[in-house]
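Below are the chains, spelled out letter by letter.
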Amino acid sequence: MPGSRTGGPPVQRAVRRPAVPRPRRENPLRTLHTRARKAWDRPLTAYYLILGGSALITVLGLVMVYSASQITALQMSLPGSYFFRKQLLAAAIGTVLLLVASRMPVKLHRALAYPILAGAVFLMVLVQVPGIGVEVNGNQNWIALGGSFQVQPSEFGKLALVLWGADLLARKQDKRLLGQWKHMLVPLVPAAFMLLGLIMLGGDMGTAIILTAILFGLLWLAGAPTRMFAGVLSVAALLGVLLIRTSPNRMARLACLGATEPQSGPVDCWQAVHGIYALASGGIFGSGLGASVEKWGQLPEAHTDFIFAVTGEELGLAGTLSVLALFAALGYAGIRVAGRTEDPFVRYAAGGVTTWIMAQAVINIGAVLGLLPIAGVPLPLFSYGGSALLPTMFAIGLLIAFAREDPAARMALAMRQPRFGKKRNGGPQRPRRWNTMRRRA
């Protein structure tokens, strides 16, 4: 190796290493979107959304029923927790029904379709018998059970129409008969109109609207042609206009849309306007739980049909948006269960239950916001009323059972290991290894 010109040792030059490209920084928003999408695509997402969403709505509803009903109970010379205790009892019974429905196989649900329909029709006929039916707020749709307990059979008619209609359409699809108009409409539409007639005999148009929405949801899921769907919708709309025009009470409710004063001309819009007042005075975070002013006699039906207004006044915009988000999650989960199954009965029943709950929530909240006429329907799982809560919680149990029946969800549930005790295969459970911050040598 030759030396340098000065006679010294040769100078060794550093070898240049090839430049290593820096790792590209990922967009945090894109990473978050990817993780959220993976979480939504998990097999048990619908199962947890239905279970958690319905539980949160029910618990929050119990809190708001207790807050909104205290003044009404005291004005009736009753204990302040009177309505809350009755709602808590109904929620406990509904929880048992939910657990039973969630563990029942699909075949048993289909077997119960006809008995539930027959029982609902029988009770709805009894409502019209003098001495048995009870009139509440101008509607004779109740049966007294003794004491202060009453039952509204039309609420169970919603569940009956969902189960029976889903079973009927599933059997016709198996026989490939839904391509014919007569098999798609008969006997589904006549049976639904029979239930609607029994309900309208008592004057409860709000429940009739929900049943009509369930009917349209079943026809939509069955693939009804646009002409058939438009024809049935036109007939229903014509009957609805006729029923509204022939009732001064319903015309008055329609005239209160967009009212800002309690006395809008000859029409009394007290309830609609004070519902808007309650929402407007809540602000972002509300006046505080129990601090509502409108529930002190200003807002009628504060713990039933207009409990959403009290929620907005006490919990503010944050509380109302939370309730809307829970219902949106419940609706998404129901649509996902209906869309991912290959069982036609599960698809029709899950779609019918989702249509029922979402339509009723939209009608109730729309009436409180002044966007829709006041129909007198409660907010599902939230408002006071055991007759509405029991069949709704059974329907939620249906959705949970259908979510568990998905093959991917069933496999995921089978792979889950309990934290304590033994494995499901009978062997002892391994101790859980926890990761620490210490690096291994």
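Our subject is the structure listed above.
Counting of residues starts from 1 at the beginning of each chain's written sequence and follows it residue by residue. Only residues with pLDDT of at least 70 are given local features in this predicted model, and only at 80 or more are side-chain atom pairs given and counted; all residues enter the totals for whole chains, interfaces and linings. Here the side-chain values reflect all heavy atoms present in the structure, with hydrogen atoms and water set aside.

**Looking at the state of the cysteines**
Logical step 1: Cysteine sulfur atoms that come within 2.5 Å of each other are treated as a disulfide pair. By the definition in use, this model includes 1 disulfide.
Logical step 2: The disulfide bridge from C256 ends at C269, spanning 2.1 Å between sulfur atoms. On the S-S bond that ties C256 to C269, the torsion sits near -90 degrees, and the link is left-handed. Of this pair, C256 sits in the loop between helix 11 (248–255) and strand 4 (263–264) while C269 sits in the loop between strand 5 (267–268) and helix 12 (270–280), and the two are 13 residues apart along the sequence. Each of the two residues, C256 as well as C269, counts as buried. Strands here mean DSSP runs of E at least two residues long; helices mean DSSP runs of H or I at least four residues long; both are numbered from the N terminus. Working definition: with a 1.4 Å probe on protein chains only, accessible area under 20% of the residue-type maximum means buried, over 50% means exposed, and in between means partly exposed.

**What about the layout of surface pockets?**
Logical step 1: If you add up the space inside the second largest pocket, you get close to 280 Å³.
Logical step 2: Lining the second largest pocket are 16 residues, and of these T341, F402, E405, D406 and P407 lie nearest its centre.
Logical step 3: Only Asp, Glu, Lys and Arg are considered charged in this grouping, and only Ala, Val, Leu, Ile, Met, Phe, Trp, Tyr, Cys and Pro are considered nonpolar; every other residue, Gly among them, is considered polar. Partitioned by chemical class, the residues of the lining of the second largest pocket number 9 nonpolar, 1 polar and 6 charged. Buriedness of a pocket was judged along seven lines, with at least five required to meet protein on both sides within 12 Å; pockets are open sets of points on a 1 Å grid over the protein atoms alone, cavities are sets where a 1.4 Å probe fits but cannot get out, and lining residues have an atom within 4 Å of a point. Grid points are joined across faces, edges and corners, and a volume is the space filled by probe spheres set on the points.

**What about the environment of L185?**
Logical step 1: Within the secondary structure layout, L185 lies in helix 7 (residues 181–185).
Logical step 2: Given the relative accessible area of 21%, L185 is considered partly exposed.
Logical step 3: Taking the C-alpha atoms as reference, L185 lies 8.4 Å from L219; in sequence the two are 34 residues apart.
Logical step 4: Apart from the residues lying within four places of it in its own chain, the contact partners of L185 are P190, L219, M228 and V232. In what follows, residue pairs with any heavy atoms lying within 4.5 Å of each other are defined as contacts.

**Notes on the pattern of salt bridges**
Logical step 1: Every case where a carboxyl oxygen of Asp or Glu lies within 4 Å of a side-chain nitrogen of Lys or Arg is listed as a salt bridge. Under the defined criterion, the tally for this structure stands at 5 salt bridges.
Logical step 2: Note that R110 is salt-bridged to D167, the shortest N-O span being 2.9 Å. Here D167 lies in helix 6 (residues 153–174) and R110 lies in helix 4 (residues 106–111), a separation of 57 residues in the sequence.
Logical step 3: K295 is the salt-bridge partner of E314, the closest N and O atoms lying 3.2 Å from each other. With a gap of 19 residues between them, E314 in helix 13 (residues 307–340) and K295 in the loop between helix 12 and helix 13 connect regions that are remote in the sequence. Each of the two residues, E314 as well as K295, counts as buried.
Logical step 4: Each of R110, D167 and R171 takes part in one network of salt bridges that share partners.

**Concerning a nonpolar patch on the surface**
Logical step 1: A surface patch of nonpolar side chains, amounting to about 440 Å² of accessible area, comprises L89, I93, L97, L145 and F149.
Logical step 2: In terms of residue count, helix 3 (residues 82–103) provides more of the nonpolar patch than any other element does, 3 residues in total.
Logical step 3: Here L89 shows up in helix 3. Patches were defined on residues exceeding 30% relative accessible area and lacking a salt bridge, with like-charge contacts within 9 Å and nonpolar side-chain contacts (Val, Leu, Ile, Met, Phe, Trp, Tyr) within 5 Å. All accessible areas in this document rest on Shrake-Rupley with a 1.4 Å probe, and a residue is counted as covered only by the protein chains that are shown.

**Points about the side chain of T304**
Logical step 1: Residue position: T304 is located in the loop between helix 12 and helix 13.
Logical step 2: The term polar contact refers here to a pair of N or O atoms within 3.5 Å; inside protein, the definition further demands a hydrogen-donor-capable atom paired with an acceptor-capable atom, and it admits residues adjacent in sequence only when both atoms are side-chain atoms. At 2.8 Å, the side chain of T304 forms a polar contact with the side chain of E301.
Logical step 3: When neighbours within four sequence positions are excluded, T304 is seen to be in contact with S383 and Y384.

**Overview of helix 6**
Since there are 3.6 residues in each turn of an α-helix, residues three or four apart along the chain are aligned in direction.
Logical step 1: One fewer than the residue count of a helix, multiplied by 1.5 Å, yields its expected span. The terminal C-alpha atoms of helix 6 lie 32 Å apart, and with 22 residues this matches the ideal 32 Å at 1.5 Å per residue to within 8%.
Logical step 2: With 18 of 22 residues buried, helix 6 is to be regarded as a mostly interior element.
Logical step 3: Note on helix 6: the residue one or two positions beyond its end, R176, has a positive phi of about 55 degrees.

**A word on the sheet that holds strand 3 (residues 149–151)**
Logical step 1: Two strands make a pair as long as DSSP finds a minimum of two bridges between them. On the basis of which strands lie adjacent, the open sheet formed by 3 strands has the order 1-2-3 and antiparallel pairing. A strand with exactly one partner marks an edge of an open sheet, and here the two such strands are strand 1 (133–136) and strand 3. Geometrically, the sheet is characterised by an average inter-axis angle of 55 degrees between neighbouring strands, direction not taken into account.
Logical step 2: Sheet topology note: the strand 1/strand 2 (residues 139–146) ladder contains 4 bridges and is antiparallel. Axes, fitted as lines to C-alpha atoms, cover a helix only where it is in contact. Angles between the N-to-C directions of the axes lie from 0 to 180 degrees.

**Brief notes about empty space enclosed by the protein**
Logical step 1: According to the stated counting rule, one finds 4 cavities of 30 Å³ or more in the structure shown.
Logical step 2: Within this model, the largest cavity holds a volume of roughly 50 Å³.
Logical step 3: Along its surface, the largest cavity is lined by D305, F306, I363, N364, A367, I374, A375, G376 and V377.
Logical step 4: Looking at the lining of the largest cavity residue by residue, the classes come out as 6 nonpolar, 2 polar and 1 charged.

**Brief notes about the side chain of N364**
Logical step 1: Inspection of the secondary structure assignment puts N364 in helix 14 (residues 344–368).
Logical step 2: In this structure the side chain of N364 is engaged in a polar contact, spanning 3.0 Å, whose partner is the backbone oxygen of D305.
Logical step 3: Sequence-distant contacts of N364, defined by excluding residues within four places in its chain, comprise D305, F308, V377, P378 and L379.

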